[in-house]
Amino acid sequence: MPMSFLVRNVSRITPLPVGVLVILLLSVPLFGCGSDQAPSTALQNGPQLAKNDAESDTERLARLLQKKRAKPPKRFDKPKEAMVFFAERRAPVGETAIPVERYVAALEHMKGMDVYSTKLNRRIPAARKGDFLNSREGVLGRWTAVGPGNVGGRIRSLVIDPGTPATMYAGGVAGGVWKTVDSGTTWTPLTDLLPNLAVCSLAMDPKNSAILYAGTGEGFGNSDAVRGAGIFKTTSAGASWALLPATATEAFYYVNDIVTSPNDSNRVYAATRQGLYLSADAGTSWTQVHDASAISGCTDLAVSDNAGTDRVFAACGMWTTSPTAYILRSTNNGQNWSQVYTQAYMDRTSLAIAPSNPDIIYALASNNNTTTGYLYTNGLLAVLKSIDGGTTWNAVYTNTNDCTVPADMLLTNPQSAMCPCTTNPNNFANQGWYDNVIAVDPKNPNIVWAGGIDLFRSDNGGQTWGMASYWWTKTTRPYYNHADHHVLVFHPAYDGAANQTLYSGNDGGLAVTANARAGVTQTVCDTTSPPQVAWTSLNNGLSVTQYYYGAVYPGGGTFFGGAQDNGTTRGTTAAGPNAWTTLLGGDGGAVAVNPDDTNILYGEYTNLSMVRSTDGGANFEDCVSGITEKASDFPFITVFAMDPGNPDILWTGNKHPWRTENGATLWTKAGTKLPDESSISAMTVAPGNSNLAAIGTSKGHILITTNALSATSATVWTHTKPVSGNISSVAFDPTNTQTLYATCSNFGQHHVVKSVNGGATWADISGSGTLGLPDVPTFALIVDPNAPSRLYVGTDLGVFVTTNGGASWAVENTGFANVITESLVRDAQSGRLFAFTHGRGVWNVPLPGSAASVPAVAPLLLGDQ
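Calculation notes
Residues numbered from 1 in each chain as written. Predicted model: local features only at pLDDT ≥ 70, side-chain atom pairs only at ≥ 80, totals over all residues. Heavy atoms only, no water. Helix = DSSP H or I, 4+ residues; strand = E, 2+ residues; numbered from the N terminus. Buried < 20%, exposed > 50% of the residue type's maximum accessible area, 1.4 Å probe, protein only. Areas by Shrake-Rupley, 256 points an atom, 1.4 Å probe, with all protein chains shown as cover. Pairing = 2+ DSSP bridges. Salt bridge = Lys/Arg side-chain N within 4 Å of Asp/Glu carboxyl O. Polar contact = N/O pair within 3.5 Å; in protein donor to acceptor, adjacent residues only side chain to side chain. Contact = heavy atoms within 4.5 Å. Disulfide = S-S within 2.5 Å. Phe/Tyr/Trp six-rings, centres within 6.5 Å; stacked < 30°, edge-to-face > 60°. Core = buried A, V, L, I, M, F, W, Y, C linked by side-chain atoms within 4.5 Å. Axes fitted to C-alpha atoms, helices over the stretch in contact; angles between N-to-C directions.

J.: Residue-level account of the overall build of the protein, with values.
T.: On a plain count of helices and strands, the protein comes out with six helices and 58 strands. Per-residue burial over the protein gives 65% buried out of 865 residues. Of the accessible surface of the protein, which amounts to about 26,900 Å², a share of 50% is contributed by carbon and sulfur atoms.

If you want it as structure tokens, here you go:
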């Protein structure tokens, strides 16, 4: 069966203090057996859900464990490493932080650039592009979004219109704000052309649902996590958005949470990496009311009406031991704050106020206890509760440091830690720093929900807990929900009886249950009594998947890619945008398909982990035999490339290039060590000449060999260094292989360079002024073989095109988002250009002069751009 069902990562990287750029590479087993206790009768209310197929989850686990023992472990889904990898390729050379202000400058630059419609083969002057994009002709000249609409991506925020509950807004951490007006049956993107799509927090004015705030920047990773660009506001229910100028500062690079006053719509609170901020004029100006910059800022907010005054709680601190994290309270509309709780080892904490009794507040606290023998570092510290409006707090549940108690697993991977029970801390995958959310039943203050890797519920005020989802079971089973939960929101009309609707936002998008009070379970491994809470995906056109690489089958009717958090997924034009399937789980990376035999597929997880399928993706096996470089030393997403003239020849590498000539059955070292301790960041082989290959490195080198097939470990590749940053792609002109192009992804570098003498010398063709590219990270490059002077590049703000070899550039955002585009693929048979984006799924457009043979597909919720 597909490896996507094997296991999720159980070796999350332990978060480091802010500013430390170190990756701890752990070698850990895949699976951790759960409690032998019978499920509590109190936790097993409701009818037993029927099984979906003959194989029980117990049999499934046993089978997977047997496979695990026979094969080396793999490492899956690593959010912290992903953030480091993201930043290293973008930050200016010699720096570690991404300068978000340059994205804003790049967007301003784009406003003065012409637009080019690939579909119409027409350049539209900057002065006319607004009218063109909204015209009938402009609509016809757009890209087509092909999904995935059913895979999703990381959702950290969700708000619901209380007057019209079918209207909801979701925030994707790389896909912007999305809106549904039919309870999630369909979704429409609202912010595709904003300068930043990293929406981490959303808030709605409780007195005017047309007013929303979107906070950007995901501040829960390391210091080099993806920055935001402040807070954006709409007063038109999402029809238009504007950046609040006062938030275009460092203080609002990471807006972790926003809440609005239930008493005064002008009063807005924000929790950021710097601390707490208060606006008394609906976002026009802001005042810092608590400085938490020394402890990684504040991570959560909760507000309630206390006799006409805002009573506000804030959780502050991550990865801090002196002081520890703490809870603050303000009882006078945010003017003054006092610390109401802290304890030893307390770290990132989430908060929830009981809607039926605002004097009851819960907190879900993670811990940073690194004492030898302690199993739950970054896992659960305690569930805290106050029953007097936050004046005093008590721990209603404290972690027992046991591997047999499901309640200890609120912020841990239950399956890996309990199946079988283990005392190896590496198996616990504690993630309280990454996914940590708590919510209270609107009608019963004793019913509490907690989300970490899985979902849990307590029916007695937090004293005992049962599981309400299994991330690791088959996706067809009703108790399946994707892992890594970040937001829980109840339906505005929830009454605990006729309406038991609860929404969950996680790394796989959005899910909903209509029976939030159904039975939960304390059984983990022996799943004869699974949770009775049934979950349904709401990823219906919610195209927020974050792809690193993509590949297209000959003819363009099938395509697949490797994505952050959501593995390797495949779609077809025949099945449509909402029928993509998963081939591999965890974090996906580079992919390839053998055009001569499309049953042969290649994919990978993270670092060196390449796998091959010979049955069309039904099964995968490791295919890295012969490579002697340490697997964990390879880049987070490792490059591999297929020879376009011979699909049995593939290339990969880290400090050395490696070649296989037998479909990855065996690899041979094909070069000496790269210069300057750099690593391979891009690879390509010349069309029609398997001996001509090029390599790009993380430090700006481009290496060339004309004897690729005979290269050995002693072969020295000739090299030049046209830039100092990360070479993100290299490409040969298919009509003249003496001409090469390369892109660089770091700010402040030449972003596109060209050689006309086989790589001996290079010239910058990024252009200047309004005719040039903006200074923005640039990744993929495609040469149109029908018109070699027409080049396409994928950047952090979408796709750009030149039709004259780089003399002038235009924006190609006709129906396309200002979204990170790291992979561009041209399908020769259909003549279509495919863009695999990091936050908005997959798109395609027919190149000029090509007769597209791909079946027509309805655009996926493009909306008016």
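Next, the rest of the story.
J.: Tell me about the pairing of strand β5 (residues 168–172), and please be specific about residues and values.
T.: Judged by how many residues are buried, β5 sits mostly within the fold: five of five residues are covered. Side chains Met168, Ala170 and Gly172 of β5 all project onto a buried face; the interleaved residues Tyr169 and Gly171 project onto the opposite face, where all are buried too. The pairing of β5 with strand β6 (residues 176–180) spans five bridges and is antiparallel. By the bridge assignment, alanine 170 is partnered in β6 with tryptophan 178. Remark: three residues form the turn of the hairpin made by β5 and β6, two consecutive strands paired antiparallel.

J.: Would you mind going over the pattern of salt bridges in detail, with residue names and values included?
T.: Side-chain pairs of opposite charge can arise where the charged atoms are in close proximity. If you walk through the whole model with that rule in mind, you get 20 salt bridges. We note a salt bridge from arginine 102 to aspartate 775, for which the minimum N-O separation is 3.3 Å. In this pair, arginine 102 is assigned in helix α3 (residues 100–111) and aspartate 775 in the loop between β51 (763–764) and β52 (778–783), connecting sequence segments 673 residues apart. Given the relative accessible area of 29%, arginine 102 is considered partly exposed. With its nearest N and O atoms 2.9 Å apart, the salt bridge here joins glutamate 108 to lysine 111. Taken together, the residues glutamate 108 and lysine 111, both in helix α3 and three residues apart, mark about one turn of the helix. Relative accessible area serves as the criterion here: at 46%, glutamate 108 is assigned to the partly exposed category. Residues joined in a network through salt bridges with shared partners are Arg89, Arg90, Asp796 and Glu822.

J.: Requested: an account of the side chain of aspartate 310, with residues and values cited.
T.: By the secondary structure assignment, aspartate 310 is in strand β17 (residues 309–316). Relative accessible area serves as the criterion here: at 0%, aspartate 310 is assigned to the buried category. Polar contacts involving the side chain of aspartate 310 include one to the side chain of tyrosine 269, which spans 2.8 Å. Excluding residues within four positions of it along the chain, aspartate 310 makes contact with Ser261, Pro262, Asn263, Arg267, Tyr269, Val303, Ser304, Ser330, Thr331, Asn332 and Asn333.

J.: Tell me about the state of the cysteines, and name the residues and values.
T.: Throughout the structure, instances matching the rule amount to three disulfides. Two residues share a disulfide in this structure: cysteine 403 and cysteine 421, whose sulfurs sit 1.6 Å from each other. Between cysteine 403 and cysteine 421, the disulfide has an S-S torsion of 60° and is therefore right-handed. Here the residue cysteine 403 occupies a position in the loop between β23 (394–398) and α6 (414–418), and cysteine 421 occupies one in the loop between α6 and β24 (437–440), the gap between them amounting to 18 residues. When its relative accessible area of 7% is taken as the criterion, cysteine 403 is described as buried. Cysteine 421 sits in the partly exposed class, given a relative accessible area of 34%.

J.: An account of the environment of histidine 485 is requested, with residue identities and associated values reported.
T.: Along the chain, histidine 485 turns up in strand β28 (residues 485–490). Expressed as a C-alpha distance, the spacing of histidine 485 and leucine 510, which sit 25 residues apart in the sequence, is 9.6 Å. If we ignore the near neighbours within four places in the chain, the residues touching histidine 485 are Asp435, Asn436, Val437, Gly451, Gly452, Ile453, Asp454, Leu455, Ser469, Ser504, Gly505 and Asn506. A polar contact of 2.9 Å, which involves the side chain of histidine 485, links it to the side chain of serine 504.

J.: Explain the environment of proline 722 to me, using residue names and the numbers behind them.
T.: Within the secondary structure layout, proline 722 lies in the loop between β47 (718–720) and β48 (727–733). Along the backbone, proline 722 and histidine 750 are 28 residues apart, and their C-alpha atoms lie at a distance of 8.4 Å. Look past the residues within four positions of proline 722 in its chain and what remains in contact with it is Gly700, Ile702, His750, Val753 and Trp762.

J.: Lay out the packing of aromatic side chains in plain terms, naming residues and giving numbers.
T.: For the structure shown, the criterion picks out 24 aromatic pairs. Between the aromatic rings of tyrosine 547 and phenylalanine 836, the centroid separation amounts to 6.0 Å while the plane-to-plane angle is 80°, which identifies the pairing as edge-to-face. Separated by 289 residues along the polypeptide, tyrosine 547 in strand β32 (residues 546–552) and phenylalanine 836 in strand β57 (residues 832–837) bring together distant segments of the chain. Seen in terms of ring centroids, phenylalanine 559 and phenylalanine 834 are 5.5 Å apart; in terms of plane orientation they differ by 40°. Their pairing is tilted. With phenylalanine 559 in strand β33 (residues 558–564) and phenylalanine 834 in strand β57, this residue pair connects regions lying 275 residues apart in the sequence.

J.: Describe the pairing of strand β18 (residues 326–330), with residues and values.
T.: With five of five residues buried, β18 is to be regarded as a mostly interior element. Covered by surrounding structure in β18 are Tyr326, Leu328 and Ser330 together with Ile327 and Arg329, the residues of both alternating faces. Relative to β18, β17 runs antiparallel, the two sharing five bridges. By the bridge assignment, phenylalanine 313 is partnered in β18 with arginine 329. Sheet topology places β18 next to strand β19 (residues 338–342); four bridges connect them, and they run antiparallel. Opposite isoleucine 327, over in β19, you have tyrosine 341 as the bridge partner.

J.: How would you summarise the nonpolar core if you had to cite specific residues and measurements?
T.: Nonpolar side chains tend to gather and get buried jointly when the protein is soluble and globular. Core analysis: the biggest nonpolar cluster contains 39 residues, and Phe800 and Trp809 have the highest contact counts within it. Elements represented by at least two residues in this core include exactly α2 (79–88), α3, β8 (199–204), β9 (212–216), β52 and β53 (791–795). Looking at this core element by element, the count peaks at five residues for α3. Core analysis: the next-biggest nonpolar cluster, separate from the first, contains 36 residues, Tyr376, Tyr397, Ile438 and Ala483 among them.

J.: Can you break down the sheet that holds strand β13 (residues 268–272) residue by residue, with the values?
T.: Overall, antiparallel pairing links the four strands, which are arranged β12-β13-β14-β15 in an open sheet. At either end of the open sheet lies a strand with only one pairing partner, and these are β12 (255–260) and β15 (287–291). For this sheet the average axis-to-axis angle between neighbouring strands, irrespective of direction, equals 20°. Sheet topology note: the strand β14 (residues 275–279)/β15 ladder contains four bridges and is antiparallel. What sits directly across from glycine 275, in β15, is aspartate 291.

J.: Describe the sheet that holds strand β44 (residues 680–685), and please don't skip the residues or the numbers.
T.: A sheet is described by the order of its strands in space; here four strands give the open sequence β44-β45-β46-β47, paired in antiparallel fashion. Whereas interior strands pair on both sides, the edge strands pair on one side only; in this sheet they are β44 and β47. Averaged over all adjacent pairs, the angle separating strand axes in this sheet is 20°, with direction ignored. Looking at chain direction, strand β45 (residues 693–697) and strand β46 (residues 702–705) are connected through four bridges and run antiparallel. Bridging across to β46, alanine 693 finds its partner in threonine 705.

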